[in-house]
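Architecture and fold: a report
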Amino acid sequence: QVQLVESGGGLVQAGGSLRLSCAAAGGTFSRIAMGWFRQAPGKGREFLSAISWSAGRTYYADSVKGRFTISSDNAKNTVYLQMNSLKSEDTAVYYCALDLNYRGSYYYDWDYWGQGTQVTVSS
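In short, a report on the structure. (Residues numbered from 1 in each chain as written. Predicted model: local features only at pLDDT ≥ 70, side-chain atom pairs only at ≥ 80, totals over all residues. Heavy atoms only, no water.)

Okay, the nonpolar core next. Across soluble globular proteins, nonpolar side chains show a tendency to be buried alongside one another. Met34, Trp36, Val79, Leu81, Met83, Tyr94 and Leu98 are the most contacted members of the largest nonpolar core, which totals 29 residues. When contributions to this core are tallied by element, the ones reaching two or more residues are strand E3 (18-25), strand E4 (33-39), strand E5 (45-52), strand E7 (68-73), strand E8 (78-83), strand E9 (92-99) and strand E11 (117-122). Every residue in contact with Val79, bar those within four places of it in the chain, is listed here: Leu20, Ser21, Cys22, Met34, Trp36, Ile51, Trp53, Ile70, Ser71 and Ser72. With 7 residues, the next largest nonpolar core counts Ala33, Phe37, Tyr108 and Trp110 among its residues. (Core = buried A, V, L, I, M, F, W, Y, C linked by side-chain atoms within 4.5 Å. Buried < 20%, exposed > 50% of the residue type's maximum accessible area, 1.4 Å probe, protein only. Helix = DSSP H or I, 4+ residues; strand = E, 2+ residues; numbered from the N terminus. Contact = heavy atoms within 4.5 Å.)

A few words now on the pattern of salt bridges. For the coordinates displayed, the defined rule picks out 4 salt bridges. Between Asp90 and Arg38 there is a salt bridge, and its shortest N-O distance comes to 2.8 Å. Of this pair, Asp90 sits in the loop between E8 and E9 while Arg38 sits in strand E4, and the two are 52 residues apart along the sequence. Each member of the pair Asp90 and Arg38 is classed as buried. If you follow the salt bridges from partner to partner, you end up with Arg38, Glu46, Arg67 and Asp90 in one network. (Salt bridge = Lys/Arg side-chain N within 4 Å of Asp/Glu carboxyl O.)

By secondary structure assignment, the location of Asp99 is in strand E9. No salt bridge forms around the buried Asp99; measuring N to O, its nearest opposite-charge neighbour Arg103 is 6.5 Å away. Among the polar contacts made by the side chain of Asp99, one reaches the main-chain amide nitrogen of Asp109 at a distance of 3.1 Å. Setting aside residues up to four positions removed in sequence, Asp99 forms contacts with Arg31, Ile32, Ala33, Tyr107, Tyr108, Asp109, Trp110 and Asp111. (Lys, Arg positive; Asp, Glu negative; His and termini not counted. Polar contact = N/O pair within 3.5 Å; in protein donor to acceptor, adjacent residues only side chain to side chain.)

The next thing to look at is the state of the cysteines. Overall, the coordinates contain 1 disulfide when judged by the stated rule. Between the sulfur of Cys22 and that of Cys96 lies a disulfide, 1.9 Å long from S to S. Between Cys22 and Cys96 the disulfide shows an S-S torsion of about 55°. By sign, it is right-handed. Note that Cys22 is positioned in strand E3 and Cys96 in strand E9, a separation of 74 residues in sequence. You'll find Cys22 and Cys96 in the same group, each marked buried. (Disulfide = S-S within 2.5 Å.)

Function cannot be inferred from these measures alone, as they are strictly geometric.
Here it is, written out as structure tokens:
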């Protein structure tokens, strides 16, 4: 079955950077999109960014636009999230997600989720 394996989380000082990775395995993927979410303590899951495999179009939530960059390595079925200028409020568990049947535009049906990786930003 499809699994998403995340890595790259950790502890970083405010103003620092991290790069998260998420690799999809267990299937033959086409027309997919992958994205990133986060969930801070006591809060709901927040959409951050997404990228489509075919066109490479990206979308960013306002909260991270200009600081975070999403990218993909299509051959490796891997999505990355480069996070710069990190703030304490970025502390959360970060999840990647996979849409197996992306149809375009900014609508996604997320079929699979990663296990989550903790990002902690200290002041």
